[in-house]
Amino acid sequence: MKRGNTMEELKRIIEEKGKVLSDQVLKTDSFLNHSVDPVLMDHIGRDFAGHFRDDGITKVITIESGGIAPALATAMHLGVPMVFVKKARPVTMTAPLTATVHSFTKNRDYELCVEQGLIKAEDHVLFIDDFLANGDAFKGILTLLDQAQAHLAGAGICIEKSWQHGRKTIRDLGIPLYVLASVKSMSEDGIVWDEPDQ
Ligand code: 5GP
């Protein structure tokens, strides 16, 4: 499958299987972030990997749980490890790096944590996530990477809602951003697509 086709494939599946819960929230849990379509993930992973292939990526990072499937597929296609940051600290985590983040879908703050040592100062890290809304998850990842003194080389997002602030946050920091499906607006009448500015 050609690379641009993944964008069209994702948009088609969103139109067929996604549910617009409000003009702010899109439900994608039948193919992306609860039940997962493995063929779609493979195509998404290949697309992100193709886009960032020459950027010296050494690790893919995401946040549990919605980002895990596309991040793993991307890491497989790049041939690098994937780390998912946790939203609750398990007792097995001995020396965490932490950052406080506001959850868009749950509308509350939570603590991101990742075991120190899983991200190294020499890492060039690619952030992958299912959605980009206001960019809070992204900012949390940046805080963790700063603590590890690692370099954030780019962000790959499956679905952005282009009227929210996330895109501007990432672009203002000069971080390369690649989006597969950009929602301009949505309502019970359906989704209006934007042209992602890559
Ligand atoms: P942000 O931190 O950019 O404000 O929001 C991104 C995070 O919130 C993503 O990791 C995703 O889990 C969740 N999210 C944001 N908007 C939506 C949405 O419309 N639908 C779903 N399912 N998750 C969303």
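All chains use their own residue numbering, which begins from 1 and follows the written sequence. Where local features are concerned, this predicted model is filtered to residues with pLDDT of at least 70; where side-chain atom pairs are given and counted, the filter is 80 or more; whole-chain, interface and lining totals use all residues. Each side-chain value is derived from all of the structure's non-hydrogen atoms; neither hydrogens nor water enter the calculation.

Participant: Go over the packing of helix H2 (residues 38-52) against helix H3 (residues 68-78) with me, naming the residues and quoting the values.
Facilitator: It is at 7 Å that the axes of H2 and H3 come closest, and there the two elements cross at 55 degrees. The angle between H2 and H3 falls in the class oblique. Classified by chirality, the crossing of H3 by H2 is right-handed. Contacts between H2 and H3 involve Met-41, Asp-42, Ile-44, Gly-45, Arg-46, Phe-48 and Ala-49 on the former and, on the latter, Ala-69, Pro-70, Ala-73, Thr-74, His-77 and Leu-78. In this analysis an axis means a line fitted to C-alpha atoms, helices contributing only their contacting stretch, and an angle means the value between N-to-C directions, from 0 to 180 degrees. In this text, helices come from DSSP runs of H or I with a minimum length of four residues, and strands from runs of E with a minimum of two, each type numbered from the N-terminal end. Note on terminology: angles under 35 degrees are roughly parallel, angles over 145 are roughly antiparallel, angles of 65 to 115 are roughly perpendicular, and the others are oblique. By the definition used in this description, the sense in which the near helix is turned from the far one sets the handedness, with an anticlockwise turn below a right angle giving left-handed and a clockwise turn giving right-handed. Whether two residues are in contact is decided by their heavy atoms: any pair within 4.5 Å suffices.

Participant: So what's going on with the sheet that holds strand E3 (residues 59-63)? Which residues, and what values?
Facilitator: The strand order across the open sheet formed by 6 strands is E4-E3-E7-E8-E9-E10, and the pairing between neighbours is mixed. Looking at strand neighbours, the two that pair on one side only are strand E4 (82-85) and strand E10 (190-193), the edges of this open sheet. Direction aside, neighbouring strands of the sheet carry axes that sit 30 degrees apart on average. Pairing between E3 and strand E7 (residues 124-132): 3 bridges, direction parallel. Among the inter-strand pairings, Lys-59 is bridged to a residue of E7, identified as Val-125. Set on the sheet, H3 makes contact with E3, E4, E7 and strand E8 (151-161); between it and E3 the angle comes to about 175 degrees. Strand pairing follows a simple DSSP-based rule, namely that at least 2 bridges must link the two strands.

Participant: I'd love a proper account of H3, names of residues and values included.
Facilitator: Whether a residue is buried, partly exposed or exposed follows from its accessible area with a 1.4 Å probe, protein chains only, as a fraction of its type maximum: under 20%, in between, or over 50%, in that order. For H3, the complete set of buried residues consists of Ala-69, Pro-70, Ala-71, Ala-73, Thr-74, Ala-75 and Leu-78. Where H3 is buried, its residues contact H2, E3, E4, E7 and E8. In the stretch just after H3, Gly-79 is the one whose phi turns positive, near 70 degrees.

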